[in-house]
Amino acid sequence: MDLNTIEAVVPTADPADFRDGDAWLAGGTVLFSYGSYAFGPRPLRRLLDLSRAGWPAVTVHDDGLELAATCTIAELYALPGSPAVTGRGWPGLELIRPCCDSFVASFKIWNVSTVGGNICTSLPAGPMTSLCAGLDAVATVIGAGGATRTVPVAELVTGDGTNALAPGELLRSVRIPASALASRVAFRRLSLSNLGRSGVLLIGRLDPRDGLALTVTASTKRPVRLSFPADSPPDAERLAAAVGQSIPAELYHDDQHGLPAWRRDMTGRLAEEIRAELLGERRPDGSVAVSGDFWDGAGRGHAVSAQPSTQRPGASRGAADPSQRKEA
Amino acid sequence: MAIEINGTPAAGEPRPGQCLRTFVREQGNFGVKKGCDAGDCGACTVHVDGTPVHSCLFPAVRADGTAVTTIEGLGAATDNGDGLHPVQEQFLAEQGFQCGFCTAGMMMTASALDEEQKANLPRSLKGNLCRCTGYRSIADAVGAEPHGAADEAAESVRDGCPGRLGDDVPAPAGNAVVTGAARYTLDVPPEELPGLLHLKVLRSAHARARIRSIDASAALAIPGVVAVLTHEDAPAQLFSTAQHEIHTDDPDDTRVLDDVVRFAGQRVAAVVAESVAAAEAGARAVVVDYELLEPVLTPGDALRPGAPAIHGDKDAEASRIARPERNVVAEVHSELGDVDAGLAAADVIHEKTYRTQRVQHVALETHAAIAWLEPASGAGPDGGDRLVVRSSTQVPFLAKRTLARIFGLSEERVRVLTGRVGGGFGGKQEVLTEDLVALAALKLGRPVQLELTRTEQFAATTTRHPFEIRLKAGASRDGSLTALQLDVTTDAGAYGNHSPGVMFHGCGESLAVYNCANKRVDAQAVYTNTVPSGAFRGYGLSQMIFAIESAVDELAAGIGMDPLEFRARNMVRPGDDMLSTQPEPEEDVRYGSYGLDQCISLVRDALGRGAERLRAAGLDDLGPEWVAGTGTALSMIDTVPPRGHYSHTRLRLRPDGGYDAAVGTAEFGNGTTTVHAQLAATALGTAASRVAVRQSDTDLVDHDTGAFGSTGTVVAGQATLLAAQELARRIRAAAAAVNGAAEEDCVLEADAVVCAGTRRLPLAEVYDAAARLGVDLAAEGRWGGTPRSVAFNVHGFRVAVNTGTGELRILQSVQAADAGVVVNPRQCRGQIEGGIAQALGAALYEEVRIDDAGRVTTDILRQYHVPSFADVPRSEVCFADTNDELGPLGAKSMSESPFNPVAPALANAIRNATGVRFGELPIARDRIYLGLKEKAAAEAHGNAATEPARAGQPSR
């Protein structure tokens, strides 16, 4: 929508330029969606435009990935197929596409929406928060004096729409360590509607050195991390107890995208599915349990839609052939 | 700044905070629509350097140096003769639209899809919402599915005149819709409205308050602000925003601007300014001193003794409010037979409270209106200017009456017209914008425009009435329904618009469809300090049918009978009195035709075939945690609302031998324009394409009650048919006179009259000959909407439920409809598919939520999930073979009613699959899971017998 209170769009990436009434403009999909009255008691006056900062969207280092805050979701989605990362032995990259697909917004929004913008919006269901928290990403934040600080993304998001950024601070980038990318990963997600807003999103990581790490997002107001040392992997019971202890009832998010009681039980369920998948425990028939969408039964690859599409007869699972007939 | 739009450099520069959507519209590209202005609906999709984006989220300044393509430029890149992009051709060929408001964005998205994306439309199109079609025709357009045999047969040309009764005639506006040229309410070039002002509404944040004072001085000091209008400027006349043929059907309880606030979101002041930005700033600067009062947010609280009377200042008789001192808008209490005796005679009794939620229409075009004054050319005795209002309305003629009444004008001094209307669903059977722009235009003498935001739609327009239905019903083991007792409370919200009608209608056909000697109804509509409820597709029936059809399913289970068999035993058949709350049937409702029995059979057979298909495909077992089941529900609807629904059509032969039809009813995707052309073409022996239909302008015809109550075909169409039949007689007579033939020997053909089998007189010559004799070959038709018939729908679902997560999959969806003779099968199928999709939203996802202070919290589309492409299954649609004696050429209405049986059929299927009865909508996945968990816990405690055992097997 029009932000009619905006008096100027200033191309800058320097926090020293930030004044009261300013907002950082990355993709703009949040600012222009909620409007200039939605971000504080007073309307926004200026947009500080990051699009000319010239930050490379993705930089691949031997010790990990650096995603600029202005990296678009479309650029991120393309990354797993790019030569820059092929052959690096980073199974963690398999999380990228399911996380992108966890946006309720379609691919068109991805063309402008950014990684940093999603993290800074700090919604419980923010898929970039899920991805980055799940892969131990660390954010680099620039302050007003130009000083930078780092903070784990899992700690940057502190609640439903709240984060640890001070006014005017600028998220510059997130770094995903190679160690996290090198681990085996698993992903689970549930939504109340097909391809809809995440109600529960869990990411698991198994590393021979660090052990099993679980990151809970969407169902909780902020990311919750659980980790279990490599030498004592949890069984189902221990995992359930740990989930129960780590997430008090009031930390479960309560909005129209899922009742807290459902989110709690689904968090436990998905956590157990991930535990079993990563620890190699199979069901009697040899399969792994996969609830929800965007993850295939083998725990590998990217099932774009586990939900059967019933709109096209050829793609439908059990849906009827269209018939339109008149009984004689 | 250099922005190129469709190959042409844009004039002017965008404002700093402007989004690309409004910028390209300012440059004249009206095909770019606003559905949400927040990135959710996709109606504003454009390409920036070839990349599809939502232009409402795209900072216009960032388009500097880019080439922007809008729907107006999409066809330019392709050189195939017709100037249309292949996607546009496909949408036209498949008629992948109804109201057309989402269509440009849909096509801009579809045209950018690669093959991989096309193979996964649920994912690729989830960013484009359509509220009308249910996505099937869109899938066919994007996927360019080959036509089925039925389609091909229907499209065969008969008699060289395609487009008569029973043909799949495409919508006349199709080309305009797919090219973005169709003009909706606000698609008016600025040069046509010089001096246009913009109005923004300051709305109350409080659910109940008295306004002590309003200080507009700061607002008036803002540059560009022209006026601030408050209750002091508003007429004292009370009215209802609801629009009916008889205005006394609704309580007079509303003012244009009031000094009492009754819901959060109510209008407090209107700020009129030279720009939207100035009006917004002005609205922020108005200072209101409220005396805050404790709100009453639920019917239960409102009915409590001593509760504040929300309209306690009104006179019951003058305002037609049943009991204003007790917050009761309307009530009905009735008993047919002896319900207590009927319950005593029952072998099985089902007793449960059912609840339905607030649901929003979410027509893609928000409410909007423009008012201006035009010089009255001999317009009436009182002289002066004439008020003209262009509005997004289903009821232009009723809006005209209401405006005349509010502002004390003669009806001749008011004209209301529409452009193409971007969806209605009942939400536009109200006056919610027209009165404000009229007030401002009358006061300021300049054109004034008001466009509601999507958030205003949610927070401050109308919703479906929430119903609480305490139901008790009994059945005997022989399969008889012995008693039906209903205690109904509906939540009117803050104003009584439509509340009496919705309550009465809801308690009408839902009960009348069953023969049951003992029926008791106690119903009341209750004021609360919440967003007003209003007309919504189904008009009370969907809520009541949810409860009754759920109960019928439980009773069938209780006596161990197939639910469809139980329905078939108890449903009315021709000759049976249709009774609900009165001992005598409605005197003008008849069985003009009857196809309910066929609908039951069609659904039963289709479900049987579906089961067979699943088995054959090895898909009948989804895995250990999945349970499956089937469910059905039926519904009946009177084909016309009661107490008069009037239409008037003028039809004339043009000098070129074509026909002009002027009709009153509005086109908002319901397809009635096509139906009018087809009915006229059939009577005139010509092709639908030779009948040009103009509509929805109070200057065109005398009167039209409006496009609601599913009347576009059966009332307005009947008027057109009568006009066409009369005109055909006159043309034959004229030709006979010219030819010296007998009138009965003259036959109308597409463009000529053939007399005595040989002499062929082109219609243009007939026109000339008649003109020389001073004969005007024109005719009028009128219809008053009575007597009325009944139409039927039966829905069947096969579902699977994941007991571990609550996930619901619809494996099969089938609806059988008794629409009489189907004038346009493709279009009628589209109405049914759209009704199913909208009903799935209400059944599974949608809920307007209100917080403890009475404020709507689900005020953007991300918080209010309407079904996306990914959510809607492809439904089978079957038609009963009937021919109505009352409807035009045997047709019956079919626009609201497909909605009505869907939610209970789904609830019944879920019950069949899981054993759990869900009595509250929406039945979302989280609630399914928790319901199953609760049942398991109860069973673990050994007291599982709270619900009747599922003795009967589902229908096959």
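Here is what the cut-offs are and how they apply
Once a new chain begins, its residue numbering starts again from 1 and follows that chain's sequence as written. All chains are assigned letters beginning with A, and all ligands numbers beginning with 1, in the order in which they are written. Where local features are concerned, this predicted model is filtered to residues with pLDDT of at least 70; where side-chain atom pairs are given and counted, the filter is 80 or more; whole-chain, interface and lining totals use all residues. With hydrogens and water stripped out, all remaining heavy atoms of the structure feed into the side-chain values. Only protein chains enter the accessibility calculation, which uses a 1.4 Å probe. A residue is then buried if its area is under 20% of the maximum for its type, exposed if over 50%, and partly exposed in between. Only DSSP runs of H or I with at least four residues qualify as helices, and only runs of E with at least two residues qualify as strands; both kinds are numbered from the N terminus onward. When DSSP finds at least two bridges between two strands, those strands are taken to pair. A fitted line through C-alpha atoms represents every axis, and for helices the fit uses only the stretch in contact; the resulting angles, taken between N-to-C directions, go from 0 to 180 degrees. To sort the angles, those under 35 degrees are grouped as roughly parallel, those over 145 as roughly antiparallel, those from 65 to 115 as roughly perpendicular, and the leftovers as oblique. Take the far helix as the reference: if the near one is turned anticlockwise from it by less than a right angle, the crossing is left-handed, and if turned clockwise, right-handed. Contacts were defined at the residue level, with two residues in contact if any of their heavy atoms lie within 4.5 Å. Each residue gets one of three labels, nonpolar for Ala, Val, Leu, Ile, Met, Phe, Trp, Tyr, Cys and Pro, charged for Asp, Glu, Lys and Arg, and polar for the others, Gly among them. These domain limits were set by an automatic method or by a database of domain assignments. Defined in terms of a 1.4 Å probe, buried area is the accessible area two parts forfeit on being brought together, summed over both. A carboxyl oxygen of Asp or Glu within 4 Å of a side-chain nitrogen of Lys or Arg is what we treat as a salt bridge. Pairs of cysteine sulfur atoms within 2.5 Å are what we label disulfides.

**A closer look at helix α16 (residues 434-444) of chain B**
Residue and element names in this part refer to chain B. Among the eleven residues of α16, eight are classified as buried, and the element is accordingly described as predominantly covered. When we look at burial in α16, the residues that qualify are E434, D435, L436, V437, A438, L439, A440 and A441. At the exit of α16 stands G445, carrying a positive phi of roughly 70°.

**With respect to the sheet that holds strand β5 (residues 64-68) of chain A**
Whether parallel or antiparallel, the strands of a sheet pair through hydrogen bonds between backbone atoms. Residue and element names in this part refer to chain A. Read across the sheet, five strands follow the order β4-β5-β10-β6-β7 without closing on themselves; strand pairing throughout is antiparallel. Edge positions in the sheet fall to β4 (58-61) and β7 (148-152), since each has one partner strand and no second. Taking each pair of neighbouring strands and ignoring which way they run, the sheet shows an average axis angle of 20°. Two strands pair when backbone bridges link them, and β5 and strand β10 (residues 170-177) are joined in this way by five bridges, in the antiparallel orientation. Paired with L67 across the bridge in β10 is V174.

**Things to note about the packing of helix α9 (residues 236-246) of chain A against helix α10 (residues 260-278) of chain A**
All names here are of chain A. Here α9 crosses α10 at 140°, and the two axes come no closer than 10 Å. Overall, the two elements α9 and α10 adopt an arrangement that is oblique. Once α9 is placed against α10, the crossing between them reads as right-handed. Across the interface between the two elements, A236, L239 and V243 of α9 pack against T267, A271, E272 and R275 of α10. Within the contact of α9 with α10, the residues separate by chemical class into four nonpolar, one polar and two charged.

**Considering helix α11 (residues 276-285) of chain B**
Turning to α11 of chain B, its buried residues are A278, A279, E280, G282, A283 and A285 of chain B. Each element contacted by the buried residues of α11 of chain B is listed here: β6 (197-203), β7 (209-215), α10 (217-220), β8 (225-229), β10 (267-273) and β11 (287-292) of chain B.

**As for the domain arrangement of chain A**
Interfaces are frequently sized by the accessible area removed from exposure as the parts join. Residue and element names in this part refer to chain A. Taken domain by domain, chain A holds domain 1 (8-49), domain 2 (51-182) and domain 3 (184-295). Each of domain 1 and domain 2 has a C-alpha centre, and the two are 20 Å apart. On the side of domain 2, 16 residues touch domain 1, which itself brings twelve residues to the contact. Counting each side, the surface lost to burial between domain 1 and domain 2 is near 1,100 Å², with a carbon and sulfur contribution of 65%.

**Here we look at the packing of helix α24 (residues 711-739) of chain B against helix α25 (residues 763-772) of chain B**
All names here are of chain B. Closest axis-to-axis distance for the α24/α25 pair is 10 Å, and the angle between their directions is 80°. With respect to each other, α24 and α25 are oriented roughly perpendicular. Touching I731, A734, A735 and V738 of α24 are L763, V766, A769 and A770, all from α25. Among the residues making up the contact of α24 with α25, the classes are represented as eight nonpolar, no polar and no charged.

**Looking at the pattern of salt bridges**
Taken as a whole and judged by the stated rule, the model has 90 salt bridges over all chains. Between R210 of chain B and E291 of chain B there is a salt bridge, with its nearest N and O atoms 4.0 Å apart. One end of the pair, R210 of chain B, is in strand β7; the other, E291 of chain B, is in strand β11, and 81 residues separate them in sequence. Ionic pairing is found between E920 of chain B and R355 of chain B, a salt bridge with its closest N-O pair at 3.8 Å. Note that E920 of chain B is positioned in the loop between α27 (902-914) and α28 (925-940) and R355 of chain B in strand β13 (residues 348-355), a separation of 565 residues in sequence. Overlapping salt bridges, with partners in common, bring together R188, R269, E273 and E277 of chain A together with E625 of chain B in one network.

**A few points about the state of the cysteines**
Residues and elements named next belong to chain B. Evaluated as defined, the whole model comprises one disulfide over all chains. Summary of cysteine pairing: C44 is not part of a disulfide, and the nearest cysteine sulfur, belonging to C56, is at 3.8 Å. C599 takes part in no disulfide bond, and the closest cysteine sulfur, belonging to C878, lies 8.7 Å away. According to the relative accessible area criterion, C599 is buried, its value standing at 0%.

**What to know about unusual backbone geometry**
Residues T786 of chain B and P787 of chain B are joined by a peptide bond in cis, for which omega reads 0°. Residue P922 of chain B follows L921 of chain B across a cis peptide bond; omega there is -5°. Mapped onto the elements of the fold, P922 of chain B is located in the loop between α27 and α28. Phi at S122 of chain A takes a positive value of approximately 60°, unusual for a residue other than glycine. By the element assignment, S122 of chain A lies in the loop between α5 (115-121) and α6 (127-134). A relative accessible area of 0% means that S122 of chain A is categorised as buried. Look at Q95 of chain B: it is not a glycine, yet its phi comes out positive at around 50°.

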